[in-house]
Amino acid sequence: IVITHHPVSHDEVTSMTLEKFLETYKDSKEVIYCIGGASIYKELIPYADELLLTKIEREYKADAFFPDTKDFIEVERTWETENDIRFAFTRMIRK
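Everything quoted here is computed from the prediction, not taken from an experiment. (Residues numbered from 1 in each chain as written. Predicted model: local features only at pLDDT ≥ 70, side-chain atom pairs only at ≥ 80, totals over all residues. Heavy atoms only, no water.)

**What about the side chain of Thr90?**
Just so we agree on the cut-off: Where helices and strands are cited, they refer to DSSP runs of H or I of at least four residues and of E of at least two residues respectively, numbered from the N terminus. A contact between two residues is defined here by any heavy atoms of the two lying within 4.5 Å.
With respect to the element layout, Thr90 can be found in strand 5 (residues 85-94). Residues in contact with Thr90, not counting those within four places in the same chain, are Leu51, Leu52, Leu53, Lys55, Glu74, Glu76 and Arg77.

**Some words on the layout of surface pockets**
For the record, the criterion: Using only the protein atoms, space was sampled on a 1 Å grid; points where a 1.4 Å probe fits but cannot get out form cavities, open sets with protein on both sides within 12 Å along at least five of seven lines form pockets, and lining residues are those with an atom within 4 Å of a point. Grid points are joined across faces, edges and corners, and a volume is the space filled by probe spheres set on the points. Under the grouping applied here, Gly and all other residues not named as nonpolar or charged are polar, the nonpolar ones being Ala, Val, Leu, Ile, Met, Phe, Trp, Tyr, Cys and Pro and the charged ones Asp, Glu, Lys and Arg.
As a volume, the largest pocket reaches approximately 870 Å³. If you go around the largest pocket, you meet 24 residues; those closest to its centre are Ile32, Tyr47, Ala48, Asp49 and Glu50. At the level of secondary structure, the elements contributing two or more residues to the lining of the largest pocket comprise helix 1 (18-25), helix 2 (38-44) and strand 3 (50-56). When residues in the lining of the largest pocket are grouped by element, the largest group, five residues, is from strand 3. The residue makeup of the lining of the largest pocket, split by class, is 18 nonpolar, two polar and four charged. The computed volume of the second largest pocket comes to approximately 460 Å³. Lining of the second largest pocket is provided by 15 residues; of these, Thr54, Ile56, Ala64, Phe65 and Phe66 occupy positions nearest its centre. Counting residues per element, the ones that place at least two in the lining of the second largest pocket are helix 2 and strand 3. Ranked by residue count, the leading element in the lining of the second largest pocket is strand 3, at four residues.

**Here's the deal with the pattern of salt bridges**
Where we set the bar: Within this document, salt bridges are pairs made up of a side-chain nitrogen of Lys or Arg and a carboxyl oxygen of Asp or Glu, the two lying within 4 Å of each other. For every residue, the accessible area obtained with a 1.4 Å probe (protein chains only) is divided by the maximum for its type, and the residue is called buried under 20%, exposed over 50%, and partly exposed between those limits.
Counted according to the given criterion, the structure contains five salt bridges. For Glu50, the salt bridge is made with Arg91, and the minimal N-O distance between the two is 2.4 Å. Within this pair, whereas Glu50 is found in strand 3, its partner Arg91 is found in strand 5, the two being separated by 41 residues in sequence. The partly exposed category is assigned to Glu50, whose relative accessible area is 37%.

Here you go:
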């Protein structure tokens, strides 16, 4: 599902507004993953029960950031290194 301000019809992709998405899936028991970007993360984080994040241990110049996670606690973290870049897969749940 593509959440967009300008939904379009396409045979292989369902697109809808955020409002339509929330109404359609408000009672769903399915696990739903959001893969960004920054504005959709900010809009959907109030509805999240769990966050699955990849945290990279390196600084980059950036102008978009993940929203504050103060309402979540970390319950699991697994570190890995690839191409000399250290990163963690982190699982957080709502407090």
